[in-house]
Amino acid sequence: MRTAEIAHLLKLEWQLDRRQKHAWGSMALYVVSTIYVCYQGVRHLFDIPTWNALFWIILLFAAFNALGRSFQRENTGRQLYLYTLASPRSVVLARTIYNGVTMGVLSLLSLGAYALFIGSSPMNDARLDIFLLVVVVGGIGFALVLTLISALAARAGNGVGLMAILGFPIVLPMLLSVMKASKLALDGLGWDVTGKYVLWLILIDLITVVLAWLLFPYLWRD
Amino acid sequence: MKGWWWKLLSVVLLLYVVIVGLGTPLGPALVHVSIDRIAPGPVSLEATGYNTHFAENTPDVWLENDGQRLCATEVKALSDVQLSATFIVPEGFRTNLTSLWAWDPQDGTIVLREAFFTEGLGTGIAEDSCLISDAPRAGFSFPNRSILNETIRNLFFHVPMWFTMMVLMTIAFWQSLVVLRTGDLAADSKALSAVDVSLLFAALGLITGSFWARATWGDWWTTDPKLNGAAVTVLIYAAYLILRGSVPDPHKRARLAAIYNIFAYVLMMVFIMVLPRLTDSLHPGSGGNPAFNQYDLDSSLRAVFYPAVSGWILLGVWAYTLHQRTARLRSIYDEANDR
Amino acid sequence: MKLTIVKPLTIVMALLALPMSTFAASSAPSWLQETMFASGKINTVVMVVSVVLIGIAIWMFALDRRLGKLERRAKDQRHTGQD
């Protein structure tokens with residue numbers, strides 16, 4: 001595991017995604033259309049808990065959709081090529097970082113679209129700095145957990161359906177704490193209350209990365 | 001049969017738990033009083049006890065409000081569990097919640113906290129000079145807590161289910177590590193056995209917890225962090241079984257299942273350890289709940305609780321070895337068939 | 001062989017279903033007050049202990065059935081092996 005190698009792999013990811021722009025487009029389209037469907041159902045939401053819960057559920061499904069592809073598109077040829085070139089730990093770290101950044105950006109975009117359609121009044125009294133941090137950390141957290149799960153599901157050869165089954169119970173604890181933290185931030189509570197939740201979320205993120213780093217080599221070799 | 005002693009030990013421990021856990025009487029308590037508010041002037045009331053012995057020695061009865069005591073002017077025992085008492089309530093109690101106390105040599109001091117809403121508040125009453133004994137009672141019994149009452153015995157049949165489940169999941173985790181290190185299919189079969197049996201104990205824990213919750217918290221299911229943890233745990237291991245079902249190749253199945261198990265186990269442990277500390281829980285150890293506190297598990301409960309935990313864990317491990325031996329036999333026959 | 005396993009299993013299931021059905025039928029709290037909450041809620045303890053026993057019994061029957069299958073296979077294998 002070398003930083004140069006990881007940087008190289010990250011560049012490779014970026015170039016591949018740029019070549020097939022529809023990947024980005026489909027992610028954004030998925031989020032926007034989900035939000036639009038919700039908008040048709042509920043119009044504007046003014047109740048903070050409901051607004052908060054709906055946002056995180058949308059983001060969760062967006063994460064499943066975006067990350068489901070993460071290892072699916074790997075055809076055997078390219079995987080074999082990567083396998084001979086790079087160490088598996090570099091591959092998983094690069095992929096995790098890439099997915100984390102993608103989800104961090106995607107969660108902010110989702111928040112924008114969500115506020116536009118469903119209404120932004122619950123954010124009026126919020127501590128915006130904490131709330132945005134929780135949204136980004138939460139989105140990144142989903143990405144980190146689901147990266148390994150996505151690889152696992154792809155290896156089991158049973159696509160997105162299996163990924164939902166495997167990923168949901170593992171993401172659930174994170175979802176519960178992230179919902180709680182963001183609700184506290186929306187209520188306008190400061191660091192003294194939300195701080196421990198944010199720390200806890202960052203802790204899970206770190207543990208997840210360490211686990212992925214430790215376990216991925218066993219998944220990668222065949 | 002080698003190594004039979006711990007199986008015998010588990011049976012002996014559980015026998016002890018059933019006999020002592022169900023046979024020990026609950027300590028005496030006041031459970032009900034006929035009126036729920038008192039005002040200055042003469043007040044007479046009837047109080048109901050549980051496992052009390054009012055008829056043998058008429059108890060002393062008094063009220064207490066913010067540390068100030070008021071003794072009954074007249075006490076009559078109607079039966080072992082029923083007494084009537086009369087008070088002349090003066091004006092001037094400091095707070096609006098008054099508790100009812102009683103003492104007799106056989107039952108010791110018993111109390112019904114916050115029994116009355118109090119009217120005619122002031123800056124305090126003239127202290128009574130009545131003599132009150134608070135000599136403790138003798139004898140072995142379980143504490144009689146309000147709301148919990150007899151269900152405190154469930155401590156020996158509900159909580160150890162989770163301990164056993166955790167031990168079995170830890171075995172599965174360990175075997176999964178072995179699978180990744182050596183690629184040994186036997187270890188994979190052991191992990192599967194441990195998960196299978198741990199799900200039995202998880203189911204028992206959920207169902208028994210449901211009954212207990214209904215009797216104490218008034219609902220079959222609550223959104224308590226401990227319950228969320230239990231639900232997540234069951235979902236994770238159900239997913240583990242589904243993952244196994246969807247991979248046909250045994251070596252690949254063993255490896256993928258082991259990776260998922262390790263990943264899920266570590267995250268679950270972190271979740272179970274940390275999250276209840278972040279949020280309020282109805283379960284022991286958090287503020288404002290009607291259950292008992294971890295730290296006031298008194299010695300009589302401990303004398304049964306620890307044997308119960310060890311007995312159930314041993315039984316769980318025993319069930320796991322039986323499951324494992326059956327699985328091994330089956331794989332032997334499968335191999336013989338293939339040949 | 002099959003009958004001996006199925007029969008006790010159905011009895012156990014029926015025993016398990018019996019209290020369940022009474023619970024389902026009794027949405028009125030008065031019934032609960034009378035049974036689960038009466039005399040210091042001792043009946044809750046009875047239910048909890050029964051659930052544990054029934055659960056372990058069901059598990060034992062499942063194991064019994066698994067072993068029975070293996071026994072049958074062992075018998076078949078011996079026959080075919082000797083022929």
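Residues numbered from 1 in each chain as written. Chains lettered and ligands numbered in written order. Predicted model: local features only at pLDDT ≥ 70, side-chain atom pairs only at ≥ 80, totals over all residues.

Undergrad: Can you walk me through the overall build of chain C in this structure?
TA: In terms of helices and strands, chain C carries three helices and zero strands. Secondary structure elements in chain C, listed N-terminal to C-terminal, are α-α-α. Within chain C, the fraction of its 83 residues that count as buried is 11%. (Helix = DSSP H or I, 4+ residues; strand = E, 2+ residues; numbered from the N terminus. Buried ≥ 20, exposed ≤ 12 C-beta atoms within 10 Å, placed from the backbone.)

Undergrad: Would you explain helix α2 (residues 159-182) of chain B in this entry?
TA: Since the α-helix advances by 3.6 residues per turn, residues separated by three or four positions end up pointing in the same direction. The terminal C-alpha atoms of α2(B) lie 35 Å apart, and with 24 residues this matches the ideal 34 Å at 1.5 Å per residue to within 8%. Phi turns positive one or two residues past the end of α2(B), at B:Gly183, with a value near 70°. (Expected span 1.5 Å × (residues − 1).)

Undergrad: How should unusual backbone geometry be read in this particular structure?
TA: The phi angle of most residues is negative, glycine excepted, and most peptide bonds adopt the trans form. Residues and elements named next belong to chain B. Of note in the backbone geometry, Asn51 takes a positive phi value of approximately 55° without being a glycine. Checked against the element boundaries, Asn51 lands in the loop between β3 (41-50) and β4 (60-65). Classification of Asn51 by C-beta neighbours within 10 Å gives partly exposed; the count is 18. At Asp66, a position not held by glycine, the phi torsion is positive, near 55°. Mapping Asp66 onto the fold places it in the loop between β4 and β5 (68-71). Taking the C-beta count within 10 Å as the criterion, Asp66 has 13 such neighbours and is therefore assigned partly exposed.

Undergrad: Please clarify how the environment of B:Leu206 should be interpreted in this entry.
TA: All names here are of chain B. Structurally, Leu206 is set in helix α3 (residues 185-216). With 19 C-beta atoms packed within 10 Å, Leu206 lands in the partly exposed category. Expressed as a C-alpha distance, the spacing of Leu206 and Val234, which sit 28 residues apart in the sequence, is 9.6 Å.

Undergrad: What's the story with the interface of chain C and chain B in this structure? I'm lost.
TA: Reports of interface size often rely on the accessible area that becomes lost once the parts have come together. Listed per partner, the contact involves 21 residues of chain C and 26 residues of chain B. Looking at the side of chain C that touches chain B, its residues break down into 14 nonpolar, four polar and three charged. (Contact = placed C-beta atoms within 7 Å. Nonpolar A, V, L, I, M, F, W, Y, C, P; charged D, E, K, R; others polar.)

Undergrad: Just to check I follow, could you spell out helix α4 (residues 225-245) of chain B for this structure?
TA: All names here are of chain B. Taking 1.5 Å per residue as the helical rise, α4 with its 21 residues ought to reach 30 Å, and the 30 Å between its terminal C-alpha atoms agrees with that figure. Of the residues making up α4, those classed as buried are Pro225, Asn228, Gly229, Val232, Thr233, Ile236, Tyr237, Ala239, Tyr240, Leu243 and Arg244. Projection of α4 onto a plane perpendicular to its axis shows the buried side chains occupying an angular sector of 160°, all on one side. (Arc of directions from axis to C-beta.)

Undergrad: Before we go on, may I ask you to explain the interface of chain B and chain A in this structure?
TA: Taken together, the contacts link 25 residues of chain B with 25 residues of chain A. Contributions of two or more residues to the side of chain B that touches chain A are made by α4 and α5 (250-278) of chain B. Considering every element that reaches the side of chain B that touches chain A, the biggest residue donor is α5(B), with 14 residues. Looking at the side of chain B that touches chain A residue by residue, the class counts come to 21 nonpolar, three polar and one charged.

Undergrad: What exactly am I supposed to notice about the sheet that holds β5(B) here?
TA: Sheets are built from strands that pair by backbone hydrogen bonding, the pairs being arranged parallel or antiparallel. All names here are of chain B. Read across the open sheet, the five strands follow the order β2-β9-β8-β4-β5; overall the sheet is mixed. In this open sheet, the two edge strands, each paired with only one partner strand, are β2 (37-38) and β5. Where strand β8 (residues 97-104) and strand β9 (residues 108-118) come together, seven bridges link them in antiparallel fashion. Bridging across to β9, Asp104 finds its partner in Gly108. (Pairing = 2+ DSSP bridges.)

Undergrad: Where do I start with the sheet that holds β3(B) in this structure?
TA: Residue and element names in this part refer to chain B. The strand order β1-β3-β7-β6 describes an open sheet built from four strands, whose pairing is antiparallel. Strand pairing shows two members of the sheet lacking a second neighbour, β1 (29-33) and β6 (74-77), which therefore form its edges. Ignoring which end each strand starts from, the neighbouring axes of this sheet average 30° apart. Alignment of β6 against strand β7 (residues 82-89), held across four bridges, turns out to be antiparallel. Considered in β7, the bridge of Lys76 is made with Ser84. (Axes fitted to C-alpha atoms, helices over the stretch in contact; angles between N-to-C directions.)

Undergrad: What is the right way to look at the environment of A:Ala164 in this model?
TA: With respect to the element layout, A:Ala164 can be found in helix α7 (residues 159-186). Sequence separation between A:Ala164 and A:Ala62 is 102 residues, and the spatial gap between their C-alpha atoms is 12 Å.

Undergrad: How should I be thinking about the packing of helix α1 (residues 5-23) of chain B against helix α6 (residues 299-338) of chain B in this particular structure?
TA: If you want to describe how two helices pack, look at the angle between their axes and the distance between the axes. Residue and element names in this part refer to chain B. Interaxial distance between α1 and α6 falls to 8 Å at its minimum, and their mutual angle equals 140°. One element, α1, and the other, α6, form an angle in the oblique class. Seen from above, α1 lies across α6 with left-handed handedness. When α1 is examined against α6, the residues Trp6, Lys7, Leu9, Ser10, Leu13, Leu14, Tyr16, Val17, Val20 and Gly21 are found in contact with a partner set consisting of Val304, Pro307, Ala308, Ser310, Gly311, Leu314, Leu315 and Trp318. Classifying every residue of the contact of α1 with α6 by side-chain character gives 13 nonpolar, four polar and one charged. (Parallel < 35°, antiparallel > 145°, perpendicular 65-115°, else oblique. Left-handed = near helix turned anticlockwise from the far one by under 90°.)

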